[in-house]
Structures are given as C-alpha cells and as structure tokens.
Amino acid sequence: MPGEVLSHFQAMPAVWRVLLLLLWVCIWLPAQAQNAVEISRTEDWTQSFYTEVEKTGDALHTRSVQKRSTKTADVEVYSVKLGCIVTSRFAHTIMTSKALNKANTSQEVFFEMDLPKTAFITNFTMEIDGRSYVGEVKEKDKAKKQYDKAVSSGQTAGLVKASGRKMEKFSVSVNIAAQSSVTFILIYEELLQRKLGKYELLSRLKSEQPVQEFQIQADIYEPQGISFVEATATFLTNELLPLVEKTVTDTTARIFFSPTAEQQKCPGCDGSIINGDFIITYDVKREKNLGEIQVVNGYFVHFFSPPDLSRVPKNVVFVIDISGSMVGTKIKQTREAMVAILNDLHEEDHFAIILFDSQIITWKNFLTKATKDNVNEAIRYIKKIKENGATNINAAVLRAVSLLQSERRGEKVPERSADMIILLTDGMPNAGESDSSTIQMNVRSAIGGNMSLFCLGFGNEVAYSFLDVMSRQNNGLARRIFEASDAVVQLQGFYEEVSSPLLLDVDLRYSDNKVGHLTKNHYSQLFNGSEIVVAGQLNGNDMDNFMVEVFAQGPQEDFRVQGKASASDWHTMYPHLEYVFGDFTERLWAYLTIQQLLENSDLVSQEKKDNATALALKMSLQYGFVTPLTSMVVTKPDTEDGSDTSLIADKLTEAQRQEDERQRGHAQQSQKSLQSHSGFTLSSVTRVSSRPSSKSRSRGQSDVDGDPHFLIELPDRDDALCFNINDKPGTIFNLVRDPNSGFLVNGQIIGKKKVVPGGNTNTYFGRFVIAHQKLRVRLEVSTQGISVFYDGEQIKLLWSDTGYIKKTNIDLRLTNNCSLTVTLRHSVRFMVIKHTKVWRRRHDQQDYLGFYTLDSHHLSASVHGLLGQFYNGVDFEVEVQKNYAIMYVKGQTLNVTRHWQKDFSRDVKIGESTPCWFVSNDGAGLIDGTASDYIVSGLFKAV
C-alpha cells in the first residue's frame with residue numbers, strides 16, 4: 001500500500017487497525033474471472049496485517065483509464081478478508097477486498113457488503129492505482145448536495161439498502177483501468193446486545209467465484225471470563241466443518257476460517273460454496289451481583305446482568321388483531337404462535353386475551369391465573385379465532401390498560417409482579433380513533449408509566465413507526481415480524497425475550513463527583529438472558545471511592561447491591577496487546593449515547609428534540625459515525641474524462657428500511673398500488689425468456705411447489721396468482737400438455753408418512769414424469785432418484801449425485817443441493833427441486849418435489865394443463881375494496897385474498913417469498929373447468 005494510505009492507517013486509533021470479520025461481501029464479477037494467489041496462515045494475524053499494508057504498494061501500478069469496453073471483463077478477485085476484534089462486547093470490524101483488472105481495457109467492479117443494522121459505518125476507503133479515496137463523515141444535508149449531483153449526472157452513487165431482517169447492504173461501483181488493481185476497506189462498529197443468554201456476531205457471506213485468499217477471523221477479549229463460544233455457518237459441509245478453528249482461553253477466544261480456493265468450489269457447479277450466514281455466539285461468566293466495570297482512558301462502561309435471579313410473575317394481556325387483513329397465513333400463524341406462547345406461561349402468571357377488529361372482544365373480563373386447565377381453555381378459544389372487519393387499535397389497547405388497572409386495584413394479582421401488554425397487529429388504525437398521535441397520547445396517558453407495552457408489527461404494510469414510538473413511550477419496545485414461513489418462530493422468539501422479567505424499576509447509581517455524561521441508567525425491567533449497559537465519563541482517572549449502587553424490585557424483596565467499583569487491568573491481563581484496546585470505552589460510550597439520543601428524540605418536546613438531535617449530530621461528526629443524521633462522502637474517479645464523482649453512504653432508519661423493502665418486493669407492494677386504481681389488466685410473463693408474443697400479452701411462468709401450491713408469476717407487474725389443489729395420495733394430475741410437440745408433464749400426489757387422526761391432510765407432489773415425443777426424451781423424477789430415457793439409452797441418478805450431462809437434444813445439471821435443471825433443445829427449460837420437511841414434535845421426515853418452468857416460449861399456442869394453460873398469458877382485473885379484493889377473470893367474478901408463496905427457483909435452500917392473489921376452491925374460476933378435469937389415468941397418460 002503506498003505511503004499516503006499507510007500513513008492514513010497509522011493515524012487511526014490503534015483499535016481501528018486490526019483486521020477483518022463477519023459481514024457479507026460480494027464482488028460481482030463475470031463468470032470468466034480467474035483467481036490465482038495462495039494464502040499462508042500466520043499466528044499473529046494483527047502483525048501480518050501491518051506487514052501486508054507495507055508490502056501492498058509494490059504490487060500496484062498507476063495506469064491511465066482507457067475507454068470502457070463492452071467486452072466481457074477479465075477481473076481477478078485475489079483477496080477477501082473479514083475480521084473483527086471484540087473488546088467487552090464492543091465489536092470493531094474491518095473488511096478488505098482486492099481485485100485486479102487483467103484486461104487491456106477499463107472495467108467496472110461492484111463491491112457489496114452486508115453489515116448489521118445496529119452498526120455504524122466509521123470509514124470506507126478505496127485505493128485505486130496507488131491513490132487513496134478516503135471517506136469523510138458530513139452532515140446529511142451537506143452530503144446530500146453531492147449525492148444529488150452524482151445522481152443527476154447519471155453516476156452510480158453509493159447505496160445502503162435493507163438486506164433481510166438484521167442486515168443492511170452497502171454497495172458501490174468503481175471503474176478500474178487496464179492492468180490496475182483496487183483495494184476496498186470498510187470499517188464499522190457496534191455494541192453487541194445480549195439476547196436469550198448470548199451475544200451474536202452475524203455475517204452474510206457470498207462469493208460468486210472461489211477466492212485464492214479468503215479469510216475470516218474474530219478475536220474476542222472479555223476480562224469477565226468467557227463461558228462458551230460457538231461458531232457455525234449455513235454453508236458448512238462436512239468437508240469445511242474442520243476448517244473452522246476455535247481457540248478459547250479463560251478471557252480470550254479466536255475463530256479462524258480460511259478455506260483454499262479448491263475447498264471453496266461448489267460441487268457440480270462453477271461458483272463458490274461460500275453463500276450464507278456465518279454466526280459466532282458467546283457469553284461471559286457472571287459471578288458478581290454488582291456487575292462488571294471496565295475503565296480505559298477516562299471512560300467507563302458498566303455491564304449489569306447478575307446470575308441466579310428468580311423470575312418476577314407477570315400479568316400479561318395479549319391484544320390480537322383479527323381484522324380482515326389478517327386473513328389466511330397471518331391468522332393461521334398467529335393461532336399457532338399463541339398456542340406455544342400460552343403453553344409457556346408459568347402458573348404464577350396471570351393473563352387475558354383481547355381480540356379486535358372494528359369491535360373489541362374479550363375472552364374474559366378479568367385476568368386468569370395460568371393454571372394448566374385455564375391455559376388449555378384459552379388454547380381452545382384461540383384455535384377458533386377468525387379474521388373480519390377493520391382495525392381499532394386505540395380501543396383495544398385502552399381496554400387492556402383498563403383490565404390491568406382493575407385487577408391491580410382489586411389486588412387480584414401479586415403486588416410484586418410485572419404488568420405488560422403485548423399488541424400484535426398488521427395494519428394501520430382505521431376504525432374508531434385513527435389519528436396516530438392521538439392514539440399515542442391516549443395510551444401514554446392511560447398507562448401513566450405503570451406498565452409496559454410491547455408492539456409486534458406483522459408484515460410490511462404495518463404502521464411500524466407509530467408502534468415503535470408508542471412502545472418506547474410506555475417502557476416497552478416494538479419488533480417487526482416478517483411475513484414469511486417462520487413468522488411463528490419470530491413471534492415465539494420475541495415473546496421468549498420478554499417473558500421472564502427478573503427485576504423491575506432497575507436504577508444504577510454512581511458517585512456523583514466521580515462520573516459525568518451518563519447514558520441511560522434507569523430501566524423498567526431486566527429480562528432473563530438480557531443485559532443492562534451504562535457508560536459514562538470519569539472525572540479524572542482516580543478510581544478510589546468510585547461507588548456503584550443498584551436498586552430494583554425483585555419477586556419477594558427489593559434488590560440492593562453496592563460496592564466500590566474495580567476495573568480489570570487490561571495491560572496485565574493482555575500483555576503485548578495494549579495497542580488493540582485503544583479508546584474502545586470512549587467509542588462505546590459515544591455509540592450508546594448517540595443511539596439513545598436518537599431513540600428518545602421522538603418522546604420529548606420539540607425543543608428537547610432539537611437539542612438532542614443537535615448533540616447527536618455533533619457527536620456523530622466528532623467520532624466519525626454514519627448515523628441517520630450523517631452521511632459518508634467518498635470522492636472517486638469514475639468518468640472517462642477523468643472528473644470525480646461522489647459516493648454517499650447513509651444510515652437507514654427503520655421506516656426507511658421498511659420502505660426500501662416495499663420497493664424491492666418484500667412486502668405487498670402490488671396490493672398497495674392497486675388501491676389507487678379502479679382495476680387494470682395484468683398479463684403473465686416468463687422470467688428467463690422475456691421474448692413477447694405477437695399480441696400485447698407475454699407468455700407466463702407457472703410453478704408448483706409445496707402443499708401443493710400453484711404459482712403463476714407476473715414479473716412485469718411484480719405480482720402473481722396462486723391456488724391450491726389437494727386430493728388423495730396417488731392421484732396423478734396433468735400439469736403441461738402440448739399436442740403439437742408431444743411435450744407432457746404429469747405429477748403424482750403423495751401424503752404424510754404418518755397421518756394423525758383428525759389432523760390436517762397435507763399432500764405434496766412426490767413424482768413427476770416429463771416426456772417429449774419429438775425429441776424422444778422421457779424423465780421420471782421421484783423423491784428417491786431420477787431416471788432419464790433418451791434415444792434408447794437409460795441413465796439413473798441419485799439426488800446425492802452431482803454432475804452435468806449434455807446430449808444432442810438435452811442438457812441436464814444435477815447439484816448436491818437437490819436441484820435438477822433440464823433444458824430440452826429448442827423446446828423448454830425447467831427445474832425440479834427436492835425438499836425435505838420435518839414435522840415438529842414427531843420428527844417425521846417427508847421428502848417432496850417442486851416443479852418450476854424456466855422457459856416455455858418454444859411451446860405452441862395449444863399448450864394446456866394445470867400449469868400449461870397459463871403459458872400463453874391470462875388477462876384479469878382486480879378491484880381492491882377496504883377489506884377485500886375482487887378479481888374479474890374469464891368472465892367470472894372471484895373473491896381473492898393476499899397470500900405469500902415460496903419460490904425456490906433462485907434460492908434452493910431458503911426460497912423467496914412471493915406475494916400472490918390467492919384463488920380458493922381448487923382454483924375454481926381461474927383454471928379452465930374443474931380440478932378433476934386434469935386427473936389422468938397413468939403417469940405417462942395425457943387423459
């Protein structure tokens with residue numbers, strides 16, 4: 001690395017200069033990119049980093065930027081390193097990635113990376129041809145002028161997007177001159193939060209191609225002592241698992257993972273196996289009731305989470321939205337989650353259930369003790385709830401408050417118990433009082449600081465900002481529940497976090513003359529598995545007579561501990577590593593202060609909000625944090641005439657994340673847009689082959705996967721249709737039939753291996769047969785294996801096989817992630833996926849198949865079948881009313897609802913949630929005829 005970059009690094013605080021960790025990095029490069037550099041493992045990874053910085057400059061050469069080529073780029077990514085150093089829960093992470101343009105023309109390189117949404121970016125640097133482009137944190141309004149200039153000039157400005165539930169995606173592109181290299185360096189910091197008894201470091205990793213120098217390393221320093229450390233990844237195979245090295249001492253831990261380029265290769269494909277989440281979890285030892293104090297350079301941090309406390313009984317009112325928008329999957333998942341939550345209540349707890357749409361329905365007009373009989377009665381009640389009507393949040397929450405107050409006044413609940421309300425809703429308040437600020441005022445006035453309100457916002461159309469503020473106004477918090485197949489797990493997980501209060505009204509006090517500028521030091525409750533963190537400045541470094549006191553309410557008596565604070569001697573505990581720790585306590589204090597200033601700004605008067613915002617902005621600039629008030633600006637060379645453009649990195653608020661997800665199709669964007677139209681025509685298109693027909697309609701893609709779920713995707717409208725058909729196991733359906741080409745697809749239904757009397761009858765596709773008469777091709781695909789008959793030859797494959805078969809009229813690719821892709825020459829391309837479902841509580845394993853049409857435009861206009869009839873398009877109109885939707889299709893009027901269906905064609909393991917208009921009654925009115933018309937007498941029969 002050239003001298004100016006090295007001096008930049010040396011000027012940073014020492015802790016900034018440690019290397020690498022846990023994020024998601026993706027450099028999107030052409031498939032032809034080659035990688036060729038060997039990595040050597042060093043024990044002292046921090047020292048090797050500094051050595052590398054000094055040597056890097058020798059490999060970089062300045063080149064003039066040539067005119068961009070339209071040819072395939074030839075760019076080599078030769079180094080990707082991710083690393084983190086954690087000092088007392090405060091994580092400092094650096095990612096470096098290096099690429100070389102080996103072509104004779106300039107090339108565009110895209111750098112993308114996921115970082116936790118709770119993190120603050122502190123630096124981004126690009127080094128191109130020996131010149132550094134270093135990020136500068138500026139006030140957002142000032143930075144926006146440069147951003148607008150970059151966008152208006154057609155340049156690619158830096159982007160920060162939502163990336164799943166916990167992450168944000170940072171991305172940037174840069175032009176690299178011929179025979180030149182680029183180094184990307186991104187730094188961020190975060191305070192790890194303890195949840196359910198552990199801290200988590202999460203990174204999302206994706207590598208398009210194997211990288212010769214790939215490394216992940218985390219070093220954890222916890223003077224309190226480390227109780228356990230675990231490391232895992234969703235992409236780890238049996239071969240990669242031994243490469244995750246873990247070294248743990250009493251107060252340190254190191255995780256190291258560095259597969260070779262050969263080990264990164266995806267079996268049976270051209271890409272890399274590094275694609276998924278890498279997760280490190282750990283916890284510390286807890287022996288003192290007073291907690292742990294850390295002091296470095298005049299700042300202290302106090303971690304409080306005493307062990308072996310008894311839980312405080314709780315009085316909880318569940319307030320559940322049953323309005324019309326909860327129809328289908330959401331109400332089903334709510335019922336399932338509530339059954340598990342009710343079963344988790346302790347007998348000393350008291351509970352009540354309030355249902356609401358436009359009306360308010362109470363299960364009982366009093367709180368019920370959580371005995372086994374009462375819980376079973378409540379479960380029977382919950383299983384019968386149905387959705388209907390509008391959304392009256394105001395009246396529902398006020399009813400819950402009144403119920404708790406009445407029981408408290410009547411002394412019908414334990415004196416030392418926690419009062420809480422858990423609200424679950426998926427929409428905006430639109431019945432009764434509908435003004436958000438008025439509802440917040442009403443609820444805050446009624447609660448009066450005497451109970452906690454926790455709000456769960458279900459789906460992406462929910463008014464989350466409204467719920468978030470209302471929760472924080474009332475000693476609680478809000479959580480978004482993502483509308484997906486694991487929503488039940490999300491609901492249960494949140495409840496588990498708040499289900500066991502240990503202490504109430506926790507007050508942490510410090511010697512008045514010893515400390516200043518404290519972060520929040522009063523908390524309404526301490527929950528089991530969590531932790532309270534307080535930081536502040538010391539008035540001088542004198543620790544003598546630095547007293548700490550903690551007061552709280554316990555289940556039987558008051559909790560009181562006090563004592564003289566003592567801090568660990570970092571230099572003695574970690575000799576030869578003093579450069580690592582630097583000013584981490586000061587930055588932790590600043591991080592926590594800024595977060596709390598921003599969170600509390602919505603809860604105070606306008607004058608106090610302005611003061612809090614001004615202070616948060618000042619500290620963000622002082623400490624170089626990218627927060628919702630600041631942006632990071634990087635000037636970079638991008639244009640052919642040599643002029644510079646600006647990269648802008650912002651920090652998303654939760655409201656911005658939600659809007660970003662809406663725009664990218666993770667929520668019910670189509671339904672929202674339809675509400676402003678009286679109706680319009682939608683037509684289906686194929687995803688892979690976008691070639692339109694001679695008419696205005698495009699050809700359609702139709703898929704089948706699941707229970708079974710039929711999905712007709714409409715990418716041009718960002719929408720889809722779906723319907724279910726269940727029949728007895730053994731039934732064979734015709735899915736596609738093209739009499740002109742002789743192409744045929746049939747599917748046979750299977751059921752559960754074990755059927756529970758009175759339980760749901762779930763059926764799936766367990767066998768597909770695909771035949772093409774003119775090409776003399778026939779495939780039989782079952783959950784056990786694949787048989788291919790072609791030109792008199794038979795090939796048998798197992799799902800565990802990987803390989804690629806190419807014949808004159810058929811290409812077949814089978815990967816070990818149970819994905820079979822088949823292309824019939826000049827005809828059709830499709831995919832069959834094998835799934836495994838494990839039934840909860842019984843651990844029964846059920847394998848089943850999904851079928852996806854990837855390209856159908858060579859089939860004739862005569863194609864038909866349950867899926868095939870949609871290949872030539874379908875016209876319909878939808879009118880969305882207040883609480884329901886009507887579809888006009890094929891001369892009929894159908895009531896439709898909004899559902900979510902998993903599409904696994906792009907992501908075989910996780911799938912993509914796709915919103916769709918659901919047509920009930922076996923697709924009646926949408927499909928031609930009835931479902932029984934498509935039953936055939938044999939696997940290879942057309943009738």
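This write-up is about the structure you can find in this document. Being a predicted model, the structure only gives us computed values, none of them experimental.

Observations concerning empty space enclosed by the protein
Then, in step 1: Inspection of the entire model under this criterion finds 6 cavities of 30 Å³ or more.
Then, in step 2: The space that makes up the second largest cavity amounts to roughly 100 Å³.
Then, in step 3: Taken together, Phe 318, Ile 320, Thr 334, Ala 337, Met 338, Ile 341, Ile 422, Leu 424, Leu 456 and Leu 491 make up the lining of the second largest cavity.
Then, in step 4: Looking at the lining of the second largest cavity, the elements with two or more residues in it are strand E19 (314-321), helix H5 (329-343) and strand E23 (418-425).
Then, in step 5: Counting residues per element, the lining of the second largest cavity draws most heavily on H5, at 4 residues.
Then, in step 6: The residue inventory of the lining of the second largest cavity, partitioned by class, reads 9 nonpolar, 1 polar and no charged.

Brief notes about unusual backbone geometry
Then, in step 1: In this structure, Leu 196 is a non-glycine residue whose phi angle is positive, near 55°.
Then, in step 2: Secondary-structure assignment places Leu 196 in the loop between strand E10 (181-191) and strand E11 (199-206).
Then, in step 3: Classification of Leu 196 as partly exposed rests on a relative accessible area of 40%.

Section: the state of the cysteines
Then, in step 1: Considering all chains together, one arrives at 1 disulfide under this definition.
Then, in step 2: In this model Cys 722 forms its disulfide with Cys 916; the gap between the sulfur atoms is 2.1 Å. Measuring handedness by torsion sign, the sulfur bridge of Cys 722 and Cys 916 sits at about 75° and is right-handed. Of this pair, Cys 722 sits in strand E37 (residues 719-724) while Cys 916 is found in strand E52 (residues 912-919), placing the two residues 194 residues apart along the sequence.
Then, in step 3: Since its relative accessible area comes to 5%, Cys 722 is described here as buried.

Digging into the pattern of salt bridges
Where charged atoms from two side chains of opposite charge come close, those side chains can pair.
Then, in step 1: Per the stated rule, a full pass over the model turns up 30 salt bridges.
Then, in step 2: When the shortest N-O distance is used, the salt bridge between Arg 89 and Glu 292 registers 3.0 Å. Within this pair, whereas Arg 89 is found in the loop between strand E2 (75-87) and strand E3 (90-101), its partner Glu 292 is found in strand E17 (residues 292-296), the two being separated by 203 residues in sequence.
Then, in step 3: Ionic pairing is found between Glu 780 and Arg 767, a salt bridge with its closest N-O pair at 2.8 Å. Placement of the pair is Glu 780 in strand E41 (residues 777-782) and Arg 767 in strand E40 (residues 763-772), with a sequence separation of 13 residues.
Then, in step 4: Residue class for Arg 767 comes out partly exposed when judged on its relative accessible area of 24%.
Then, in step 5: Through salt bridges that share partners, Arg 89, Arg 194, Glu 222, Asp 283, Arg 286, Glu 292 and Glu 531 make up one connected network.

Focus on the side chain of Asp 129
Then, in step 1: Following the sequence through the fold, Asp 129 ends up in the loop between strand E5 (120-128) and strand E6 (131-134).
Then, in step 2: On the basis of relative accessibility, which here comes to 10%, the residue Asp 129 falls in the buried class.

Describing the packing of aromatic side chains
Then, in step 1: The final tally for this structure, using the stated rule, is 29 aromatic pairs.
Then, in step 2: Consider the rings of Phe 318 and Tyr 495, whose centres lie 6.2 Å apart with planes at 50°: the pair is tilted. Placement of Phe 318 in strand E19 and of Tyr 495 in helix H10 (residues 487-498) is noted, with a sequence separation of 177 residues between them.
Then, in step 3: With a relative accessible area of 2%, Phe 318 lands in the buried category.
Then, in step 4: Overall, Tyr 495 belongs to the buried group, its relative accessible area being 3%.
Then, in step 5: With centroids separated by 5.5 Å and ring planes inclined at 20°, the aromatic side chains of Phe 351 and Trp 363 adopt a geometry described as stacked. Of this pair, Phe 351 sits in strand E20 (residues 350-356) while Trp 363 sits in the loop between strand E21 (360-362) and strand E22 (368-369), and the two are 12 residues apart along the sequence. When sorted by exposure, Phe 351 lands in the same class as Trp 363, which is buried.
Then, in step 6: Counting every residue linked through ring pairs, the aromatic cluster contains Phe 710, Phe 723, Phe 743, Phe 765, Phe 768, Phe 830, Phe 851 and Phe 870.
Then, in step 7: Taking NZ or CZ as reference, Arg 778 lies 4.6 Å from the ring centre of Phe 940, over its face.

Things to note about the pairing of E23
Then, in step 1: The buried fraction of E23 is high, at 8 of 8 residues.
Then, in step 2: Judged from the 7 bridges that link them, E19 and E23 form a sheet pairing that is parallel. Bridge pairing links Phe 318 to Ile 422 in E23.
Then, in step 3: For the segment spanning E23, helix H8 (residues 436-447) and strand E24 (residues 452-458), crossover handedness is right-handed.

Topic: the sheet that holds strand E16 (residues 275-284)
As a general point, the strands of a sheet are linked pairwise by backbone hydrogen bonds and lie either parallel or antiparallel.
Then, in step 1: Pairing within the open sheet is antiparallel, and its 3 strands lie in the order E11-E16-E13. What marks the edges here is a single partner per strand, and that holds for E11 and strand E13 (226-233). Across the sheet, the mean angle separating the axes of adjacent strands is 10° when strand polarity is ignored.
Then, in step 2: The sheet contact formed by E11 and E16 spans 8 bridges and is antiparallel. Bridged to Arg 204 within E16 is Asp 277.

Scoring rules and cut-offs
Residues numbered from 1 in each chain as written. Predicted model: local features only at pLDDT ≥ 70, side-chain atom pairs only at ≥ 80, totals over all residues. Heavy atoms only, no water. 1 Å grid on protein atoms, 1.4 Å probe; cavity = no way out; pocket = protein on both sides within 12 Å on 5 of 7 lines; lining within 4 Å. Points joined across faces, edges and corners; volume = space filled by probe spheres on them. Helix = DSSP H or I, 4+ residues; strand = E, 2+ residues; numbered from the N terminus. Nonpolar A, V, L, I, M, F, W, Y, C, P; charged D, E, K, R; others polar. Buried < 20%, exposed > 50% of the residue type's maximum accessible area, 1.4 Å probe, protein only. Disulfide = S-S within 2.5 Å. Salt bridge = Lys/Arg side-chain N within 4 Å of Asp/Glu carboxyl O. Phe/Tyr/Trp six-rings, centres within 6.5 Å; stacked < 30°, edge-to-face > 60°. Lys NZ or Arg CZ within 6 Å of the ring centre and 35° of its normal. Pairing = 2+ DSSP bridges. Right-handed = clockwise from strand over helix to strand, strands pointing away. Axes fitted to C-alpha atoms, helices over the stretch in contact; angles between N-to-C directions.

The analysis is restricted to geometry; functional conclusions fall outside its scope.
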